[in-house]
Structure formats: structure tokens, C-alpha cells
Amino acid sequence: MNRRHRARLAAGILAAGLVLTGCGAGENHDRTSSREGGGNHAPDAPGFEAPRPDAGREDAAEGEQRSPRPSADYLSTFALDVDTASYGYARRTLAEGQLPTPESVRPEEFVNSFRPDYPRPEGDGFSVTVDGARTDDEGWSLVRVGLATAAAERRGERPPAALTFVVDISGSMAEPGRLDLVKKSLGILTDELRDDDSVALVTFSDEAETRLPMTRVKGQRERIHGIVDELATASSTNVEAGVRTGYDVAVRGHREGATNRVVLLSDALANTGDTQAQSILNRIDEERREYGITLFGVGVGSEYGDAFMEQLADKGDGNTTYVSTTEQARKVFVDQLPTNVELRARDAKAQVAFDPETVERFRLIGYENRDVADEDFRNDRVDGGEVGAGHTVTALYAVKTRPGRTGRLATATVRWLEPKSRAPHENTGSVTTSALTGSLWAPGHDSLQLTAVAAYFADRLRGGELPGAPRLSVLAERSGAIADRSGSKVVRELTDAIRQADELLGREAGGESGDPYSG
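Nothing here was measured: the structure is a model prediction, and the numbers come from that model. (Residues numbered from 1 in each chain as written. Predicted model: local features only at pLDDT ≥ 70, side-chain atom pairs only at ≥ 80, totals over all residues. Heavy atoms only, no water.)

## Overview of the packing of aromatic side chains
Summed over the entire model, instances satisfying the criterion amount to eight aromatic pairs. Judged by centre distance (5.1 Å) and plane angle (70°), the rings of phenylalanine 354 and tyrosine 397 are edge-to-face. Taken together, the residues phenylalanine 354 in strand 11 (residues 343-354) and tyrosine 397 in strand 14 (residues 392-401) connect sequence positions 43 residues apart. An identical accessibility class is assigned to phenylalanine 354 and tyrosine 397; each is buried. Cluster of aromatic residues (ring-pair linked, three or more members): Tyr87, Phe110, Phe114 and Phe457. (Phe/Tyr/Trp six-rings, centres within 6.5 Å; stacked < 30°, edge-to-face > 60°. Helix = DSSP H or I, 4+ residues; strand = E, 2+ residues; numbered from the N terminus. Buried < 20%, exposed > 50% of the residue type's maximum accessible area, 1.4 Å probe, protein only.)

## Overview of the pattern of salt bridges
The full count for this structure, using the stated rule, is 29 salt bridges. Where lysine 489 meets glutamate 327, a salt bridge forms, and the shortest distance between an N and an O atom there is 2.8 Å. Taken together, the residues span a long stretch of sequence, with lysine 489 in helix 12 (residues 489-508) and glutamate 327 in helix 8 (residues 326-335) at a distance of 162 residues. Overall, lysine 489 belongs to the partly exposed group, its relative accessible area being 49%. Among the ionic pairs, glutamate 503 bridges to arginine 507, the shortest N-O distance being 2.6 Å. In this pair, glutamate 503 and arginine 507 both sit in helix 12, four residues apart, roughly one turn of the helix. The exposure class of arginine 507 is exposed, given its relative accessible area of 54%. Several salt bridges share partner residues, and in doing so they unite Asp285, Arg288, Arg289 and Asp383 into one network. (Salt bridge = Lys/Arg side-chain N within 4 Å of Asp/Glu carboxyl O.)

## Observations concerning the nonpolar core
One finds Phe110, Leu142, Leu440, Tyr456, Phe457, Leu494 and Ile498 to be the most contacted residues of the largest nonpolar core, which totals 39 residues. Looking at this core, the elements that each hand over two or more residues are helix 1 (85-95), helix 2 (107-111), strand 4 (140-148), strand 14, helix 10 (446-461), helix 11 (472-486) and helix 12. Sorting elements by how many residues they give to this core places helix 10 first, with ten residues. Residues in contact with leucine 440, not counting those within four places in the same chain, are Ala133, Arg134, Leu142, His445, Leu448, Gln449, Ala452 and Tyr456. With 33 residues, the next largest nonpolar core counts Phe165, Phe333, Val334 and Leu337 among its residues. (Core = buried A, V, L, I, M, F, W, Y, C linked by side-chain atoms within 4.5 Å. Contact = heavy atoms within 4.5 Å.)

## Topic: the packing of helix 1 against helix 12
Their axes nearest at 9 Å, the elements helix 1 and helix 12 cross at an angle of 55°. On the basis of the axis angle, helix 1 is oblique to helix 12. Viewed along their axes, helix 1 and helix 12 form a crossing whose handedness is left-handed. Across the interface between the two elements, Tyr87, Arg91, Leu94 and Ala95 from helix 1 touch Val490, Glu493, Leu494, Ala497, Gln500, Ala501 and Leu504 from helix 12. Here the contact of helix 1 with helix 12 is composed, by residue class, of eight nonpolar, one polar and two charged. (Axes fitted to C-alpha atoms, helices over the stretch in contact; angles between N-to-C directions. Parallel < 35°, antiparallel > 145°, perpendicular 65-115°, else oblique. Left-handed = near helix turned anticlockwise from the far one by under 90°. Nonpolar A, V, L, I, M, F, W, Y, C, P; charged D, E, K, R; others polar.)

The structure is reproduced here in C-alpha cells:
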């Protein structure tokens, strides 16, 4: 997929799941493609569905009734993304008394750091939930598209994993919170893996070295722990050498029927070898297509090469996260291990069709770097996103409705390939204008409010002005109230980050921080 070069700074924490409910949920129609292979057509469903390759043809049989289709201006198509890096790194930056750079802020990663309790499907694929509410800006509403995969049972069956760890031991990793945290993370994971899983370990500084070829975990845990414990920093950062060697090892140790993944643990501050990523992107893409090897990037350090790491993960059909504490490492490698190992969907894309009879204009908040051409939605040769078990993906739209118009508002369709057979499937959900009668900030809408708070916060950090956006001080109050009602630690952390940003932005403006008693 085409994704623009992202900013130098950003990273994030996979946040703990938040069990909250939304409002105004729409219909949910399951649709499965009738043939295997690219470009298959799904059966018709109510509402304005995603256009098909033959949309717009005038060769209908005499007397045949066809539903009108929205123009291209009323379609929004994007690849799914489960990254959360931008939010976590923004939180760390704010806690250190600095504002994140606007270009490092990606609203979808703020929103997806929180997991609403969308209905879960049975088996692979997605459920689709669409809801919304009015904002305080006349005529403007927020419409939320929520997608969810089935959760993995902690002790349930999953395919074995074949994981190749590629560990940065360059000089920059000597800083506290880098290699020491990586070693703790690997130790935690070694104890968590099953006996039938396999691991390999590659390290890199100015050169790459294979410390452990692909090895079954059974009977080898102490050996793996010993190799991890011996890791120490060396000289410069040649990410190119590390990733190339890591993929060599992953290909040699490839296991049919297993989840084959390269796990890159690094600050991604490349200064040796090819530091532009392009020379290894083709290699990563080849191994993904031929062997199904995906890449999971785990970032560490107070400075982090976000753009470089994300290019690698995107080409490797993977995702990135960021850890800065042992607690966060445990979330990623223990609590969310099934999410990062068990795949539910390949090449997943979403398309939202707005009804021009009721919608004047709309804006997708974030996902700029996940844009897909509308006509490529059902082209399965065009790359989408890989999504694991237990994930939620949320897309939030600012929508200006036409005064006095009622009826269908939007239909969201998600398309994905079944992980093993690669057979295409679809599911849809729709929403009407009746879902927008309630106010966003009315009681009982905590889930949707939290999504809005995260999106408004991100947009403010990058200098935007979304319709209906409250001041940061008001956002902090809204977030704090949700934290009080739910007892959620992660929402409390969001509240603290908003207050820190409000104070820093007040200082930058040369005014007061919003605290009338501050000196």
C-alpha cells in the first residue's frame, strides 16, 4: 500500500482493554464472497454498499431495479491499522515536559489505544458496529465505525508460532529503558511461549549475528534465557543488516501451518548501512508474499525512529508498538501475546459509503497514511492490514448532515482474506440519521465519548480544529469523569496527558496554563 513517510518521533503502548458501551448502533449484515480469489462480488445488502468493479454500468436488463450508488466523493476507503505507537510516545513526551511534534501525531493511533466492547464475531473476520451522536457544533455529528475480531482463549488452541527476534545491541541501546527492557521483555516471553513454539535470535550493531537458529522451545528455555542474559551493547546501528539476517533465519526456519513472524526490538535510530529502508523493503515484501512472514516492531528508548520502523512493519504486513516499562512489556508479551501471534484476517480494508441525500460532507479523522483508492477496495492484490485475535479497529468521522433530511446515513463494509485459505469475505454495518438525535456528551455514551476525546485530543496536538471540539481543559474534565465512572487506569492516564498538553500549550501561547493559581 502507498503510505507517506511519517515523522521521526512517535511510539505507543498497547492499552488495556476498556469495557464501555456506545450509543446509536446500526445494523450488522454478514456477507461472504461467493468465490475465492481477487475481486469477488458479495451478495447485495441493504443500504449504500461499497461499489463493485462494474458500478456505473448502464446495461441493466429492461425493468431491472438497481439501487442508486453514491458518487466517489461520498466514499472513504482505507486499510485497517492496529498501531498504537503515536499515542504512547506522545504521552511519554508530554510527561517529560515537551509537546510532541504535530507530524508525529496520528489520531487513529490515539483512538485505537482504547478498546470498546464492540460485539465479537465467531471465528475469523470482523463484526461491524456503526453509531454516532450530535456534537455541539450545529449540523455536525461524529459517526463511529467499529470493527472487532474474535478474542483468543488464553488456553485455547492456536497455531504454533515461529518467532525470529531481531535485537538491536548498538551503542544507543545502552540508555536505561532500551536493551535492559528488551532483555526483560524477551525473558517474559520465553516463559510464556508454548513447548511447540519455535524461536530464533539475531542481534545487530554494525554487523548482524545469529545467536540462536530456529529452535523448538520445549526443553530449551534455559538455553534461550542464557543467550538473552548475555546480550550487551556494541557500536553503531545497522538495522539493514539485522533485518536482512533476521529474514534469512526466518526463511530457513519457516514452519508450515505456524504463525511465522519477525519481531524487531530496536530504537530504530539507524546510522550505518542503508538508513532509508528502501533497499530492504523489497526483501521484506518478497518473504511476506512467498512465506507469509510478517513483522512486528517493538520500539524502545526516549528517542525512537518511528518513520523507519513503521516503513518496515508496513511492508511486512505487521504493526508497531512501544514499551517503556516492564509493566508495558508484560502487556505486550503476556496479556496480548495471542493478539500478536494469532492472525484473524489478512489484507483487511474498510470502505464507508455515505448517502448524499442525508450527508453534505464528511471527514475521516486520521488514517491519512492508510488511504486506498476506492476502486481498489475489492482488488485483493492491493495490500491491506493484518489483524490479530482480540483487536478492535475504530474509524471516526466528522459528518455534516443536510438540514431536515432523514434516512440512511452511511454503510460501512469491511473486506478481508481468511488467514489460511485466503478466501475473501465481507461484512457490513449501517446507520441512519436517527442515531444522531442524542448529544455526544449526554449521559450513557461513555464509549463514544472516549473515542471522541482521544480523537479531539490528537487533532488539537497537531494543530487542527475539528467541528465541535471542546477546549483541552474541557476534554480533560470529560475524560476524568469517564475514568471516575469506569475506574479505568488507562483513561486516567489519558486525562493526565490532556492536562499536561493544556499546560504546555498555554505556556507556548505566552498565557496562563488554564490553572488560575499557577505561578
